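Structural description and commentary
The chain contents come next:
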Amino acid sequence: APRMKQAPPLQRTETLAKLACAYSGVVWGLFWIPLRALDGSGITGAWATVLFYLVPAVLLLPVAAWRWRAILAGGSGLLLTGLVTAVALVLYADAVIYTEVIRAMLLYYLTPVWGFLLGWLVLKEPITTARWTAIALGLSGMLIIFGADAGIPRPRNVGDWMGLAGGMIWAVAAVRIRGDIENRAVEYTTVYFIIGAPVAVLVALLPLTGAHAPPDAAAMVGVLPWLLPVLLAIVVPGSFAAMWGTFHLNPGIVGLLFMTEISVGTATAAIWAGEPFGLREIVGILLITCAGLTESLADLWVPWRRRG
């Protein structure tokens, strides 16, 4: 029997990178649940995000000791990218605490617009017809979820501003990661969490977050039995998948694939947080999901046409 022709290594890597980013989007679509659980367990406000970063940072210290030569070789570029990534995702994590889950996600996921534009300006990557189509589908889905009568989505509280700012800063981080050919995802993930912990503390101390008092030790120890498995089995692997996938894809594509988070977040927020979920949300989710698939389908369409 004839052997099936395998895809070229570069194509396989890109496919795996897209799957990794989509998986990471699913993980981050669920991460609001443990954050809200922390907030309801006496670890209030932005201090929930602090613990969410502090625990993985401590757990990853052995990895930092193992990879210290590679981290040191990464120099200021690795640290700067880790800092930008940490600021972006800490702001996003805080956003789901200070505003509705759906609003935080949708304002953050204007990222593809910033990502494609930055990829075009910095990396000289073209904005193809497929990418314009994806942007249009994604933004249409967001507008539908917000409601036609609500007008253009705009920030209305500190959580909204955090979501919007986080998306813009993540687009910068994605461009930096994409342009880095020297460092690996394991270094980025480790540096991201270790830097993310003090960044989260600084944000928690800002007056705009309400300046909640730091939680006591008993409250932190009390949540560890369920928080540790969640972080080890879901959050840290999801973050690694995001970093690794971002290495191999255009920043706009990364943002679009992460939109799986909106689908998961919308559904779970409706089920467990009592947020709205009806025809409007279903149509919006479908459009956003199609946006994430647009370029992948276009990639398959071109070879198919050539074979035809």
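Cut-off values and rules
- Residues numbered from 1 in each chain as written.
- Predicted model: local features only at pLDDT ≥ 70, side-chain atom pairs only at ≥ 80, totals over all residues.
- Heavy atoms only, no water.
- Salt bridge = Lys/Arg side-chain N within 4 Å of Asp/Glu carboxyl O.
- Helix = DSSP H or I, 4+ residues; strand = E, 2+ residues; numbered from the N terminus.
- Buried < 20%, exposed > 50% of the residue type's maximum accessible area, 1.4 Å probe, protein only.
- Core = buried A, V, L, I, M, F, W, Y, C linked by side-chain atoms within 4.5 Å.
- Contact = heavy atoms within 4.5 Å.
- 1 Å grid on protein atoms, 1.4 Å probe; cavity = no way out; pocket = protein on both sides within 12 Å on 5 of 7 lines; lining within 4 Å.
- Points joined across faces, edges and corners; volume = space filled by probe spheres on them.
- Expected span 1.5 Å × (residues − 1).
- Bend = angle between axes of the 7 residues up to and from the residue.
- Phe/Tyr/Trp six-rings, centres within 6.5 Å; stacked < 30°, edge-to-face > 60°.
- pLDDT = per-residue confidence, 0-100.
- Axes fitted to C-alpha atoms, helices over the stretch in contact; angles between N-to-C directions.
- Parallel < 35°, antiparallel > 145°, perpendicular 65-115°, else oblique.
- Left-handed = near helix turned anticlockwise from the far one by under 90°.
- Nonpolar A, V, L, I, M, F, W, Y, C, P; charged D, E, K, R; others polar.

In this structure the tally under the stated criterion is three salt bridges. Note that Lys18 is salt-bridged to Glu14, the shortest N-O span being 3.4 Å. Residue Lys18 and its partner Glu14 are both found in helix 1 (residues 9–30); the two are separated by four residues, about one turn of the helix. A residue is classified by how much of its surface remains accessible, and Lys18, at 10% relative accessible area, is buried. A salt bridge links Glu187 to Arg67; its shortest N-O distance comes to 2.5 Å. Here Glu187 is found in helix 10 (residues 185–205), whereas its partner Arg67 is found in the loop between helix 4 (61–66) and helix 5 (68–98), with 120 residues between them in sequence. Assessed through its relative accessible area of 2%, Glu187 is described here as buried.

The next thing to look at is the nonpolar core. Residues Phe52, Tyr53 and Trp170 are the most contacted members of the largest nonpolar core, which totals 83 residues. If we ignore the near neighbours within four places in the chain, the residues touching Trp170 are Thr85, Ala88, Leu89, Tyr108, Thr111, Ile177, Thr246, Val254 and Phe258.

Scanning all chains against the criterion turns up two cavities of 30 Å³ or more. A volume near 110 Å³ is recorded for the largest cavity. Around the largest cavity, the lining is made up of 13 residues, and of these Ser24, Trp28, Leu89, Tyr108 and Phe258 lie nearest the centre. If you list the elements that add at least two residues to the lining of the largest cavity, you get helix 1, helix 5 and helix 11 (217–247).

With 21 residues, helix 10 extends 30 Å from end C-alpha to end C-alpha; this agrees with the ideal 30 Å at 1.5 Å per step. The sharpest bend along helix 10 reaches about 30 degrees and sits at Gly196, with the proline Pro198 one to four residues further on. In terms of burial, helix 10 is largely enclosed, as 15 of its 21 residues are buried.

This next bit is on the environment of Tyr192. With respect to the element layout, Tyr192 can be found in helix 10. Setting aside residues no more than four positions away along its own chain, Tyr192 makes contact with Trp28, Tyr53, Gly82, Thr85, Ala86, Leu89, Ser239 and Met243.

Here we come to the packing of aromatic side chains. Evaluation of the coordinates by the stated rule reveals eight aromatic pairs. With 4.1 Å between their ring centres and 15 degrees between their planes, Tyr92 and Tyr108 make a pair best called stacked. With Tyr92 in helix 5 and Tyr108 in helix 6 (residues 101–108), this residue pair connects regions lying 16 residues apart in the sequence. Accessibility expressed as a relative area gives 2% for Tyr108, which makes it buried.

A low pLDDT means the predicted coordinates there should not be read in detail. Here the protein shows a mean pLDDT of 82. Residues at 70 or above account for 86%. Below pLDDT 50 for its whole length, residues 1–6 participates in one contact with residues either more than four positions away or in separate chains. This model gives residues 302–308 a pLDDT under 50, and the stretch forms zero contacts once residues within four places in sequence are excluded.

This brings us to the side chain of Thr189. Here Thr189 shows up in helix 10. The class of Thr189 is buried, set by a relative accessible area of 4%. Ignoring anything within four residues of it in the chain, the contact list for Thr189 reads Leu60, Val236, Ser239, Phe240 and Met243.

With their axes 7 Å apart at the nearest point, helix 6 and helix 9 (residues 158–178) run at an angle of 30 degrees to one another. With respect to helix 9, the axis of helix 6 lies roughly parallel. Considering only the axes of helix 6 and helix 9, their crossing is right-handed. Contact residues: helix 6 offers Arg103, Ala104, Leu107 and Tyr108, while helix 9 offers Asp160, Gly163, Leu164, Gly166, Gly167 and Trp170. Looking at the contact of helix 6 with helix 9 residue by residue, the class counts come to five nonpolar, three polar and two charged.

Where helix 2 (residues 32–39) contacts helix 5, the two axes come as close as 10 Å, and the packing angle between them is 60 degrees. It follows that helix 2 is oblique to helix 5 by the angle criterion. For the crossing formed where helix 2 meets helix 5, the hand is right-handed. For the pair formed by helix 2 and helix 5, the contact residues are Trp32, Leu35, Arg36 and Asp39 on the first element and Ala93, Val96 and Ile97 on the second. Residue classes in the contact of helix 2 with helix 5 are distributed as five nonpolar, no polar and two charged.

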